[in-house]
Amino acid sequence: MDAAVSAITEFAPAKINLALHVTGRRADGYHLLESLVAFTRFGDGVTVEASAEDRFAVSGPFAADVPADAGNLVLKARDALRAAAGGRNTPPVSIRLEKNLPAASGIGGGSSDAAATLTALSRLWGLDASLLGLARIGLDLGADVPMCLMARPLVARGIGDEISPIPDFPAHGLVLVNPGCAVSTAGVFAALVRRNNEPLPPLPKVFDFHGLRNWLESTRNDLEGAARTVEPAIGRALAALNRAGAGFARMSGSGATCFGLFETGNVAKRAAVELRKRHPDWFVAATRSMASGADTNG
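Numbers given for residues are sequential positions, taken from 1 along each chain in its written order. Only residues with pLDDT of 70 or above have their local features reported here, since the model is predicted, and side-chain atom pairs are shown and tallied only from 80 upward, although totals for entire chains, interfaces and linings are computed over all residues. Water and hydrogen atoms were dropped before computing side-chain values, which therefore reflect all heavy atoms in the structure.

Okay, the overall build of the protein next. Within the protein, the regular secondary structure consists of nine helices and 10 strands. Classification of residues uses two cut-offs on accessible area relative to the type maximum, computed with a 1.4 Å probe and protein chains only: under 20% is buried, over 50% is exposed, and between them is partly exposed. Out of the 298 residues in the protein, the part that is buried amounts to 54%. For the protein, contacts bridging at least 24 residues in sequence account for 75% of all contacts bridging at least 6. Carbon together with sulfur atoms contributes 50% to the accessible area of the protein, which is approximately 12,700 Å² in total. Counted as positive: Lys and Arg. Counted as negative: Asp and Glu. His and the chain ends are not counted at all. Throughout, a charge is located at the NZ atom of Lys, the CZ atom of Arg, the CG atom of Asp or the CD atom of Glu. Computed over 30 positive and 29 negative side-chain charges, the separation of the two mean positions in the protein equals 5 Å. In this text, helices come from DSSP runs of H or I with a minimum length of four residues, and strands from runs of E with a minimum of two, each type numbered from the N-terminal end. We call two residues in contact whenever any of their non-hydrogen atoms come within 4.5 Å of each other. For the accessible areas, the method is Shrake-Rupley and the probe is 1.4 Å, while residue cover comes only from the protein chains on display.

Any two strands between which DSSP finds at least two bridges are classified as paired. Read across the open sheet, the four strands follow the order β8-β9-β7-β10; overall the sheet is antiparallel. Single-partner strands in this sheet number two, and they are β8 (248–251) and β10 (283–288). Averaged over neighbouring strand pairs, the angle between their axes works out to 20° when direction is ignored. As paired strands, strand β7 (residues 173–178) and β10 are joined by six bridges and run antiparallel to one another. Helix axes use the C-alpha atoms of the stretch in contact, all axes being lines fitted to C-alpha atoms, and the angles between their N-to-C directions lie in the range 0 to 180 degrees.

Before going further, it helps to examine the environment of Thr229. Within the secondary structure layout, Thr229 lies in helix α7 (residues 224–230). Given a relative accessible area of 59%, Thr229 falls into the exposed group. Spatially, the C-alpha atoms of Thr229 and Phe207 are 32 Å apart, while their sequence positions differ by 22 residues.

Bringing the pattern of salt bridges into the picture now. The rule for a salt bridge is simple: a side-chain nitrogen of Lys or Arg has to be within 4 Å of a carboxyl oxygen of Asp or Glu. The tally for this structure, following the rule as stated, stands at 14 salt bridges. Between Asp144 and Lys15 there is a salt bridge; the shortest N-O distance is 3.6 Å. One end of the pair, Asp144, is in the loop between α3 (131–141) and α4 (145–150); the other, Lys15, is in strand β1 (residues 8–25), with 129 residues separating them in the sequence. According to the relative accessible area criterion, Asp144 is partly exposed, its value standing at 26%. On the basis of relative accessible area, Lys15 is assigned to the buried category, the value being 3%. Lys99 is paired through a salt bridge with Asp44; the nearest N and O atoms lie 2.6 Å apart. Of the two residues, Lys99 sits in the loop between β4 (93–98) and α2 (109–124) while Asp44 sits in strand β2 (residues 31–50), which places them 55 residues apart along the sequence. Asp44 carries the same exposure label as Lys99, and that label is buried. Through salt bridges with shared partners, a single network forms among Asp54, Arg78, Asp79 and Arg82.

Turning to the packing of α2 against α3, a few remarks are in order. One way to put it is that α2 packs onto α3 with a least axis distance of 10 Å and a crossing angle of 145°. Two packed elements cross with a definite hand, and for α2 against α3 that hand is right-handed. Along the contact surface, α2 presents Ala114, Leu118, Thr119 and Ser122, while α3 presents Leu134, Ile137, Gly138 and Leu141. Class assignment of the residues belonging to the contact of α2 with α3 gives a composition of five nonpolar, three polar and no charged. Note: crossing handedness is left-handed where the near helix turns anticlockwise from the far helix by less than a right angle, and right-handed where it turns clockwise. Ten residue types, Ala, Val, Leu, Ile, Met, Phe, Trp, Tyr, Cys and Pro, are classed as nonpolar, four, Asp, Glu, Lys and Arg, as charged, and the remainder, Gly among them, as polar.

Inspection of the secondary structure puts Asn100 in the loop between β4 and α2. Whenever two N or O atoms come within 3.5 Å, that pair is a polar contact, provided that in protein one can donate a hydrogen and the other can accept it, and provided that, for residues adjacent in sequence, both atoms are side-chain atoms. There is a polar contact of 2.9 Å between the side chain of Asn100 and the backbone oxygen of Gly43. Within the structure, Asn100 has its side chain in polar contact with the side chain of Glu98 (distance 3.3 Å).

A word on the packing of helix α1 (residues 73–84) against α3. Orientation of α1 relative to α3, taken along the N-to-C sense of each, is 135°, at an axis distance of 10 Å. When the axis of α1 is compared with that of α3, the two are oblique. Of the two elements, α1 crosses α3, and the hand of that crossing is right-handed. The segment α1 lies against α3, with Leu73, Lys76, Ala77, Ala80, Leu81 and Ala84 engaging Leu134, Ile137 and Leu141. Its residues placed into classes, the contact of α1 with α3 shows eight nonpolar, no polar and one charged. Note on angle classes: values under 35 degrees are labelled roughly parallel, values over 145 roughly antiparallel, values of 65 to 115 roughly perpendicular, and the remainder oblique.

So, in structure tokens, the structure goes:
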């Protein structure tokens, strides 16, 4: 490890499944998916620095909802990277996680935290870890981790490991809403009625607001129906986004977080203010998606 390297902070953005089609199921039980994925300017943060012994601390509004022990994906990522390096030049580290995203909410918080940890520690330890190499490590941690390492607009297929970046995707105004409930991904998949659905339609030629909205109208989140049976509050969150003027609203991932697409960032901010007034106990965040080629450091 380079002694000149001090604390390193990596941004861990929220991952939004703008569309998510379940297209099959493998013999090992993993579901096959096709998803258009975007990442946002709102998320968690991971800071790593040299320490006399391994340490881990969690802060932020949702710190109490995540494990601070070996069950946390951040620590699993640290241990996996250390094992992949064979223990060479991987001395003790202090890791601080700022948890701004609700846990178990369908926006990839844990996976994004793990991806940020892999990136930060590879820099701190001076490892020659290519993105592909980190993605292989990340896939063992969870199917969403490789795409979170990329943190760019993309289409994910397979179990999430087949990733195709989208080169000309602009930033979009978004509002994220969670009605204050965690949803079990396993429970949602177990409640699925159908697992062999049509794949995504061809992508639009232009990803501006109107092009994206019109394309989204022709797509689905195949987990939404099952999730709403598990947690009816998801329907109330979607209704609230539509009432606040969203051009399009849908649940992300396995829920319960929903997103609203807005024509501009300022319109999204005004909608978020309205939503907070009507639902002060909900998680509400106005943000923008990251455009192709954008800087991911928050």
